[in-house]
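Structural features, examined
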Amino acid sequence: MCGIIGYIGKKPAQPILLNGLKRLEYRGYDSSGMALILSEKDTISIRKSPGKISSLEKLLSKKPLSGNAGIAHTRWATHGAPTQENAHPHFDCKEEIAIVHNGIIENYVQLKKDLVKEGHKFNSQTDTEVIAHLIEKYYKNSVALEDAVRKALSKLTGSFAIAVISKREQDKIVGARLGSPLVVGVGAGENFLASDVPAFLEHAKDVIFLDDNELVVLTSQEARVSKVSGEPVNKSVTRINWDVSQAQKQGYPHFMLKEINEQSRVLDAMIIRRTDKDKQIFFDELELGPDIFKNTNNIIIVACGTAYHAGMCGEYILEELCKMRVSVDLSSEFRYRDPQILPGTLIIAISQSGETADTLAAVREARKKGATILSICNVLGSTLVRESDGVIYTLAGPEIGVASTKAYTAQVATLYLLGLYMARLRKSMPQDKINRLFSGLSKCPGLIGEILGKQSEIKNMASRHSHFGSFLFLGRNINYPSACEGALKLKEISYIPAEGYAAGEMKHGPIALIDEYRAVVCIAPASKTYEKMVSNIEEIRSRHGKIIAIATQGDEKIKELTSEVIYVPKVDEFCSALVVAIPLQLLAYYIAIKRGCDVDQPRNLAKSVTVE
Ligand code: AGP
């Protein structure tokens, strides 16, 4: 939920840290700061500012920092308002140590009381500042910084990813993690530490992913990893094959619009990558044998937010293709429900970031109860991936916009491919039907490309509806999840109250909401439930609800019910969720733009919810 970065090497650290922060801004953006070791003055100097990173940039242009080693932080406030005092980095009493932190220290109140009693003076309301003073407490005499950090961390409960510098040992940065991500970028004569790879990708593509309870001592020449408790750890180095441009806007006004427009290419590349010359589906990174997919009698999907909506699609997809019981659960509910895990249960954890605290906790709970864990994830080497028995990467490339778009359709497409893969293994469907469904899926990237070619139409429709104070999204069967995702997209970037509902539920309450002040998006592509959707639309129309319909090209009947129709190309009902997602994303995007909202960094949100 916050972004941290550290640099140590021969170059001026300020521009490297500032650019790195900008690449992490999607992780939190209510305040930011930087601390550099100023060797010539034998001191650490800090600059910090409330507001976005541009405010820190302005401050640094007036009061620059020099030095070749430092740490920086962009914040998503958890403890204490987003003020100058609460922005990171934080000092100890003697300003010998500076620290940045991502996570939540659950026992900070008692620790702070004890430290105050021992004479420590605090300047902020944050939990993070407690860590700085705790390190100070143990950083006595000839104790090395990393050993003082180890001692301090042993007193904490909660989650952390930290980076610490000291003016007494100016040749090192100490990092450690528990529950929040931290990666090392290995450069030539320089090293980096960050919450996420894009922060340093232009400088280093060789990465060491730290695991929970690991600590790293970073100098310009090496990265020494050990357990927080002290035992050395051998870590592999992963080569990242993204390039920086993939993490840039490439001419689009917003990352979100860029990522919406990438979907046709992303899905096309994924389907090609996932099929061999005989059109058989395979997942080369899977590391789970076919038996689990052949023999499992129970699949539970766990996820949060948009990934949960993909999981809802997965329930329809996998049940239909594999003829077996599949359920989907919110990670934050699953983990506290004392779930009963039958022998042979396969948990499918869906997460774009692979760092969502609730989904990690759900997976740990399920593993404790004997489940096999398969993760569907977009980030190489993320915590979820490293805690799973098998992984299928969604191959969507870096998703920077806080509102998930291409990762969502990549998750749904991956579930379609997994379902077809399992159907062949389980012989739950004749091969010719599997081939037919695969052929329908293979057409989707091109169909999505056609919709992306009609953005001005959707932009105009968004303008006509941006004044509505609330929206209802309705869908049936696999487009009930589409309705939920369309509502989430709209509410999280335009702040308009919106909810997604199963259309069949209208008469059980929501119809009371319908009047001329409410816009209702009805997802009604050609399908076995089309006529039912038409009935719903007629019920809404008779109560003067303002209807936006998503319908199949050539559907003239729908025009008798509403003039506001977004047509999508004819698509096999089985994979219609992929296609209807695009107009829903564009509608939300253009309504939010019309309302002057910050679509890439919506208020109160962060890209990866790494705290509970
Ligand atoms: C999606 O638009 C939201 N930003 C949010 O709901 C997100 O999907 C959720 O936090 C899960 O994130 P994950 O996929 O990284 O686990």
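Presented here is a report on the structure given in the accompanying data block. Not measured: the values here are computed from a predicted model. (Residues numbered from 1 in each chain as written. Predicted model: local features only at pLDDT ≥ 70, side-chain atom pairs only at ≥ 80, totals over all residues. Heavy atoms only, no water.)

Comments concerning the overall build of the protein chain
- Within the protein chain, the secondary structure is distributed over 18 helices and 24 strands.
- A globule of 612 residues ought to have a C-alpha radius of gyration of about 25 Å, and the protein chain, at 25 Å, matches this closely.
- Judged by the C-alpha coordinates and their principal axes, the protein chain covers about 80 × 55 × 40 Å.
- Sorting the 612 residues of the protein chain into buried and exposed places 63% on the buried side.
- Nonlocal contacts in the protein chain, meaning residues at least 24 apart in sequence, comprise 70% of its contacts between residues at least 6 apart.
- A total accessible area of about 22,500 Å² is found for the protein chain, and carbon and sulfur atoms account for 51% of it.
- Of the side chains in the protein chain, 76 bear a positive and 71 a negative charge, and the two mean positions are spaced by 1 Å. (Helix = DSSP H or I, 4+ residues; strand = E, 2+ residues; numbered from the N terminus. Rg over C-alpha atoms; globule rule 2.2 N^0.38 Å. Buried < 20%, exposed > 50% of the residue type's maximum accessible area, 1.4 Å probe, protein only. Contact = heavy atoms within 4.5 Å. Areas by Shrake-Rupley, 256 points an atom, 1.4 Å probe, with all protein chains shown as cover. Lys, Arg positive; Asp, Glu negative; His and termini not counted. Charge placed at Lys NZ, Arg CZ, Asp CG, Glu CD.)

Notes on the pairing of strand 11 (residues 206-209)
- The pairing of strand 9 (residues 183-186) with strand 11 spans 4 bridges and is classified as antiparallel. In the strand pairing of strand 11, Val186 is matched with Asp206.
- By the bridge criterion, 2 bridges tie strand 11 to strand 14 (residues 238-239) in an arrangement that is antiparallel. Pairing of Asp206 across the sheet is with Arg239, part of strand 14. (Pairing = 2+ DSSP bridges.)

Some details on the site of the ligand
- In the vicinity of the ligand lie 14 residues, with Ser351, Gln352, Ser353, Thr356 and Glu492 positioned nearest.
- Within the backbone of Gln352, an N or O atom sits 2.7 Å from an oxygen atom of the ligand.
- The side chain of Thr356 places a nitrogen or oxygen atom 2.5 Å from an oxygen atom of the ligand.
- Coverage of the ligand by the protein amounts to 91% of the 410 Å² it exposes when considered alone.
- Secondary-structure elements contributing two or more residues to the shell around the ligand are helix 9 (305-322) and helix 16 (479-494).
- Looking at which element gives the most residues to the shell around the ligand, the answer is helix 9, with 3 residues.
- Residues that form the shell around the ligand fall into these classes: 5 nonpolar, 7 polar and 2 charged. (Near = heavy atom within 4 Å. Polar contact = N/O pair within 3.5 Å; in protein donor to acceptor, adjacent residues only side chain to side chain. Nonpolar A, V, L, I, M, F, W, Y, C, P; charged D, E, K, R; others polar.)

What about the nonpolar core?
- Among the nonpolar cores identified, the biggest contains 99 residues, and Phe293, Ile348, Tyr416 and Phe471 are the most heavily contacted of them.
- At 14 residues, the largest contribution of residues to this core is made by helix 18 (residues 576-594).
- Apart from residues no more than four positions distant in its own chain, Phe471 is found in contact with His465, Leu490, Ile496, Pro497, Ala498, Glu499, Arg518, Ala519, Val521 and Ile591. (Core = buried A, V, L, I, M, F, W, Y, C linked by side-chain atoms within 4.5 Å.)

Regarding the environment of Ile591
- With respect to the helices and strands, the residue Ile591 is situated in helix 18.
- The spatial distance from the C-alpha of Ile591 to the C-alpha of Ser463 is 6.3 Å, given a sequence separation of 128 residues.
- What Ile591 contacts, discounting residues up to four positions off in sequence, is Ala462, Ser466, Phe471, Leu490, Ser494 and Ile496.

Things to note about the side chain of Ser264
- Residue placement: Ser264 occurs in helix 7 (residues 263-273).
- Reaching out from Ser264, the side chain makes a polar contact with the backbone oxygen of Pro445 at a distance of 2.7 Å.
- Other than its neighbours up to four places away in sequence, Ser264 contacts Pro445, Gly446, Ile448, Gly449 and Leu452.

As for the packing of aromatic side chains
- Summed over all chains, the structure comprises 8 aromatic pairs.
- Centroid distance Tyr589 to Tyr590: 4.9 Å. Interplanar angle 80°. Geometry classified as edge-to-face.
- Every member of this aromatic cluster is reached through a ring pair, and the members are Tyr7, Phe192 and Phe200.
- Lying across the ring of Tyr139, Arg168 places its NZ or CZ 3.7 Å from the centre.
- The lysine or arginine in question, Arg603, covers the ring of Tyr495, its NZ or CZ lying 3.9 Å from the ring centre. (Phe/Tyr/Trp six-rings, centres within 6.5 Å; stacked < 30°, edge-to-face > 60°. Lys NZ or Arg CZ within 6 Å of the ring centre and 35° of its normal.)

Structural notes on helix 9
- For helix 9, spanning 18 residues, the distance from its first C-alpha to its last is 25 Å, which sits close to the expected 26 Å at 1.5 Å a residue.
- Among the 18 residues in helix 9, 13 count as buried, and that is most of the element.
- Downstream of helix 9 by one or two residues, Lys323 has phi in the positive range, about 50°. (Expected span 1.5 Å × (residues − 1).)

Quick notes on the sheet that holds strand 23 (residues 546-552)
- Strand order in the open sheet formed by 5 strands is 21-20-22-23-24, and the pairing between neighbours is parallel. Where the open sheet ends on each side, the last strands, each with one partner, are strand 21 (498-502) and strand 24 (565-568). Each strand axis lies, on average, 15° off the axis of its neighbour in the sheet, ignoring direction.
- Each of strand 20 (471-475), strand 22 (519-524) and strand 23 is contacted by helix 17 (residues 530-541), which is oriented at about 165° to strand 22, the strand it contacts most. (Axes fitted to C-alpha atoms, helices over the stretch in contact; angles between N-to-C directions.)

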